[in-house]
Amino acid sequence: MTVNELIQKSEDYLKDSNNANYLADIKILIAFFMKTSLAKLYAIQNDKINFKIDDYWQQLMAYRNGKPIQHITNLQNFYGYDFYVDYNVLIPRYETEELVDNINIIIDEILLNNGDKPLTLIDIGTGSGAIAISLGLENPSLTIYASDISTEALKVAKRNIKQLNCKNVKLLEGDMLEPFIKNKIKADLLVCNPPYIPKNQNISNRVKNYEPHVALFSDIDGLYFYREIFQNWQKVVKKNGILCFEHGYDQKKDLEKLVKEYFPNQKYYFQKDINKKWRILFINIL
Ligand SMILES: C[S@@+](CC[C@H](N)C(=O)[O-])C[C@H]1O[C@@H](n2cnc3c(N)ncnc32)[C@H](O)[C@@H]1O
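Every value quoted in this text rests on a predicted model; they were computed, and no experiment measured them.

S.K.: Whenever I open this one, unusual backbone geometry confuses me. Can you help?
M.R.: Note: most residues except glycine have negative phi, and most peptide bonds are trans. Even without being a glycine, Asn 18 presents a positive backbone phi close to 65°. Located in the positive-phi region is Tyr 79, a residue other than glycine, with phi close to 55°. Position of Tyr 79 among the secondary structure elements: in the loop between strand E1 (76-78) and strand E2 (81-83).

S.K.: How should I be thinking about the site of the ligand in this particular structure?
M.R.: The full set close to the ligand counts 19 residues, and Gly 125, Asp 148, Asp 175, Met 176 and Asn 193 are the nearest of them. At 2.6 Å, a side-chain N or O of Asp 148 approaches an oxygen atom of the ligand. One of the backbone N or O atoms of Met 176 is found 2.8 Å from a nitrogen atom in the ligand. The protein chains hide 96% of the 600 Å² of surface that the ligand would expose on its own. Its residues placed into classes, the shell around the ligand shows 10 nonpolar, seven polar and two charged.

S.K.: Help me out: how do you make sense of the environment of Pro 92 in this one?
M.R.: Tracing the sequence through the fold places Pro 92 in the loop between E2 and helix H6 (94-114). We classify Pro 92 as buried; its relative accessible area is 8%. Each C-alpha atom, one on Pro 92 and one on Gly 127, is 8.6 Å from the other, the two residues being 35 residues apart in sequence. When residues no more than four places from it in sequence are discounted, the contact partners of Pro 92 are Gln 76, Phe 78, Val 85, Ser 128 and Ala 130.

S.K.: Which parts of the structure should I look at to understand the packing of aromatic side chains?
M.R.: For any pair of aromatic rings, the description rests on two quantities: the centre-to-centre distance and the angle between the ring planes. The full count for this structure, using the stated rule, is 15 aromatic pairs. Taking the centre distance of 5.6 Å and the plane angle of 75° together, the rings of Tyr 56 and Trp 57 count as edge-to-face. Residue Tyr 56 is classed as buried on the basis of its relative accessible area, which comes to 0%. Pairwise contacts between aromatic rings join Tyr 13, Phe 32, Phe 33, Phe 51, Tyr 56 and Trp 57 into one cluster. Over the ring of Trp 278 we find Lys 252, and its NZ or CZ is 4.6 Å from the ring centre. The ring of Tyr 249 is capped by Lys 277, whose NZ or CZ atom sits 5.4 Å from the centre of that ring.

S.K.: Is there a simple way to explain the domain arrangement of the protein in this structure?
M.R.: How large an interface is tends to be reported as the accessible area lost when its parts come together. For the protein, the domain assignment lists domain 1 (3-73) and domain 2 (81-284). The C-alpha-based centres of domain 1 and domain 2 are spaced at 33 Å. The partner domain 2 presents six residues to the nine residues of domain 1 that form the contact. Both faces considered, domain 1 and domain 2 share a buried interface measuring about 690 Å² in area, 58% of it formed by carbon and sulfur atoms. Among the residues domain 1 hides against domain 2, the three largest losses belong to Gly 66, Gln 70 and His 71. Together they make up 62% of the total. Our count for the contact surface shared by domain 1 and domain 2 stands at zero salt bridges. Our count for the domain 1 to domain 2 interface comes out at one residue pair in polar contact (both at pLDDT 80 or more).

About the criteria used
- Residues numbered from 1 in each chain as written.
- Predicted model: local features only at pLDDT ≥ 70, side-chain atom pairs only at ≥ 80, totals over all residues.
- Heavy atoms only, no water.
- Helix = DSSP H or I, 4+ residues; strand = E, 2+ residues; numbered from the N terminus.
- Near = heavy atom within 4 Å.
- Polar contact = N/O pair within 3.5 Å; in protein donor to acceptor, adjacent residues only side chain to side chain.
- Areas by Shrake-Rupley, 256 points an atom, 1.4 Å probe, with all protein chains shown as cover.
- Nonpolar A, V, L, I, M, F, W, Y, C, P; charged D, E, K, R; others polar.
- Buried < 20%, exposed > 50% of the residue type's maximum accessible area, 1.4 Å probe, protein only.
- Contact = heavy atoms within 4.5 Å.
- Phe/Tyr/Trp six-rings, centres within 6.5 Å; stacked < 30°, edge-to-face > 60°.
- Lys NZ or Arg CZ within 6 Å of the ring centre and 35° of its normal.
- Domains from an automatic or database assignment.
- Buried area = accessible area lost by both parts, 1.4 Å probe.
- Salt bridge = Lys/Arg side-chain N within 4 Å of Asp/Glu carboxyl O.

Okay, here's the thing in structure tokens:
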């Protein structure tokens with residue numbers, strides 16, 4: 001069987017599977033089995049497949065039943081870098097790349113105005129390390145501390161630091177601000193993409209059954225982790241520092257109320273993502 005024939009057969013098998021991404025994911029899966037890149041798959045479309053077809057169908061069936069393609073390939077590209085991912089970490093999302101992009105702009109501005117001022121950044125709840133490592137690779141002069149409460153997630157982050165040869169990210173284990181306070185770390189930039197799904201909210205089985213709940217769910221309104229940071233940021237952020245958060249697309253109103261309560265004298269702004277959903281919050285400490 002050729003690559004092209006397998007693509008056709010797989011499309012027939014998945015066309016009524018209720019998965020919007022199946023056309024792209026089939027190609028990712030076949031490229032993975034052919035040990036080639038997606039970009040090169042087109043060039044070998046008439047080649048015979050070189051793997052055991054049973055193994056492939058087994059994975060395609062698992063995919064049809066909800067297993068994320070990233071858990072089969074153990075790969076997610078984020079900000080141009082290939083991250084190892086598995087069931088211990090949140091699969092880094094496209095929206096989060098936009099957070100990283102905005103932080104890169106902020107870092108450029110700070111460096112432009114302050115010369116080669118050494119900057120320290122902390123990333124709370126780093127998961128795969130996607131935010132911390134891509135910022136570290138883009139900004140080699142930064143010192144970055146990234147934390148997580150999950151030992152297993154930190155193993156994944158460690159693997160990515162090594163795989164991507166990132167020299168300026170150090171990992172810490174612990175609950176929220178505690179490891180930074182304990183190590184007397186004070187940052188110029190605090191970044192956090194916390195679990196923000198309200199604990200009773202219904203979400204797709206694809207996410208609920210395969211991604212770690214510690215990375216997804218918060219308390220009843222989904223704002224627990226923001227409150228925790230808003231109450232104690234002074235312990236870990238320097239004067240003139242900046243706090244950067246991702247949040248749920250429907251949380252702006254409630255989050256803004258909290259910001260006004262905890263930061264009555266600070267400047268803040270929200271930003272929309274590419275889908276025109278409010279997603280990002282920045283607070284400038286004056
Ligand atoms: C939404 S995920 C974000 C992962 C990664 N930063 C990203 O953007 O792809 C939230 C992360 O927070 C971690 N986490 C959950 N509770 C925590 C806590 N109390 N203290 C520190 N990290 C926590 C989870 O293990 C998970 O890795």
